[in-house]
Each structure stands twice: as C-alpha cells, then as structure tokens.
Amino acid sequence: MGNPWIAIGALALVGLLIPLGMMAVSKLLRPSVPEQGKRSTYESGEIPTGDTRIRFNIQYYMVALLFVVFDIETVLIFPWTVIYRSALESGVSLTTVLVPMLVFIGVLVVGLGWAWRNGAVKWVRSPRTETRNVKQ
C-alpha cells in the first residue's frame, strides 16, 4: 500500500491534464479563419448597439429575494408536515410539535408585512401604462 497522497496527486494531475490536453488538441485541429465578425459579441444574430450597462429596477431584485425566502419556507414546512403525524403518534404533545412551526410562520408573516409596508410587494407601473390611463 502506497501513500494516499500519491493517489490524490495523481487524480489532481489527471484532472488538470485532460482539459489542457483537450484544449491543445482543439487548437491544433480547428481551422483558423480570422474574421471581424467573430470578434464581436454574439447576440442571436443581431448587431450589438448601445451600452452593456443597463439599469434595472430594484423591484426585480426585491421580488426575486421574496421568492427565495418563501421558496425556502416551503422547503422547511414540507418535512415538518411529513413527520407531524408520526411525532403525535409517538406521544409528543401537540404544543411541542406545533409551537416551533407557528413561531416560524409568524416570523415569515411579520417579514411579509414589513415587505408589504415598504412597498416591496407592490409592482411598479410602467410610465407607458400611466400615460395611457391619463389620456382616457
């Protein structure tokens, strides 16, 4: 039996040599056709125009963050519901099983209330729809 670090070193070496070897063989075998169009950014066949830095509304990020929070909520509530009945059948009291989940849901409700009060849940209307409503 050899040193286990030799196997780890060999695995690391193979992990580096395979991708580097593939890139070297690819560079040797591929055709070289220099062209100006190949140097431009590919945008589904469209010619790129304008600046790449676009300001997004913060509302998109707030909705995404709220989605992540409430998605994790469902991931945590589902296992609790699965073991709820078996815990009651094994003799655990109802308050011991129910109170931690009610506290968890209460914290989420308080967070939702805070987000609602600060306008994170309210979707911002586009200026185009507001001008249409004023004209009518």
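Scroll up to find the structure this text is about.
The rules we used
- Residues numbered from 1 in each chain as written.
- Predicted model: local features only at pLDDT ≥ 70, side-chain atom pairs only at ≥ 80, totals over all residues.
- Heavy atoms only, no water.
- Phe/Tyr/Trp six-rings, centres within 6.5 Å; stacked < 30°, edge-to-face > 60°.
- Helix = DSSP H or I, 4+ residues; strand = E, 2+ residues; numbered from the N terminus.
- Buried < 20%, exposed > 50% of the residue type's maximum accessible area, 1.4 Å probe, protein only.
- Expected span 1.5 Å × (residues − 1).
- Contact = heavy atoms within 4.5 Å.
- Axes fitted to C-alpha atoms, helices over the stretch in contact; angles between N-to-C directions.
- Parallel < 35°, antiparallel > 145°, perpendicular 65-115°, else oblique.
- Left-handed = near helix turned anticlockwise from the far one by under 90°.
- Nonpolar A, V, L, I, M, F, W, Y, C, P; charged D, E, K, R; others polar.
- Bend = angle between axes of the 7 residues up to and from the residue.

Trainee: Looking at this structure, how should I read the packing of aromatic side chains?
Mentor: For any pair of aromatic rings, the description rests on two quantities: the centre-to-centre distance and the angle between the ring planes. For the structure shown, the criterion picks out one aromatic pair. Considering the side-chain rings of tryptophan 80 and tyrosine 84, the 5.1 Å spacing of their centres and the 45 degrees angle between planes classify their relative orientation as tilted. Here tyrosine 84 and tryptophan 80 lie together in helix H2 (residues 58–89), a separation of four residues that amounts to about one turn. With a relative accessible area of 25%, tyrosine 84 lands in the partly exposed category.

Trainee: Where do I start with helix H3 (residues 94–117) in this structure?
Mentor: Three- or four-residue spacings in an α-helix give side chains the same orientation, since the helix completes a turn every 3.6 residues. If you check H3, its first and last C-alpha atoms are 34 Å apart, about what 24 residues at 1.5 Å a residue would give, namely 34 Å. Buried within H3 are the following residues: Val97, Met101, Leu108 and Ala115. Buried residues belonging to H3 abut H2. Looking at the residues trailing H3, positive phi occurs at glycine 119, about 85 degrees.

Trainee: Hey, could you run me through the packing of H2 against H3 in this one?
Mentor: Two packed helices can be described by the angle between their axes and the distance between those axes. Here H2 crosses H3 at 165 degrees, and the two axes come no closer than 11 Å. By the angle between their directions, the pair H2 and H3 is classed as roughly antiparallel. When the axes of H2 and H3 are compared, the crossing they make is left-handed. Residue-level contacts link Leu66, Val69, Phe70, Glu73, Leu76, Ile77, Trp80, Tyr84, Ala87 and Leu88 of H2 to Leu94, Val97, Leu98, Met101, Phe104, Ile105, Leu108, Leu112 and Ala115 of H3. Considered class by class, the residues forming the contact of H2 with H3 number 18 nonpolar, no polar and one charged.

Trainee: I keep staring at H2 and nothing clicks. Help me out?
Mentor: For H2, with 32 residues, the first-to-last C-alpha span of 48 Å sits near the 46 Å given by 1.5 Å per residue. Of all the bends found along H2, the most pronounced is centred on isoleucine 83 and spans about 35 degrees. Among the residues making up H2, those that are buried are Gln59, Leu66, Glu73, Ile77, Trp80 and Ala87. On its buried face, H2 is in contact with H3. Glycine 91 sits one or two residues past H2 and shows a positive phi near 105 degrees.

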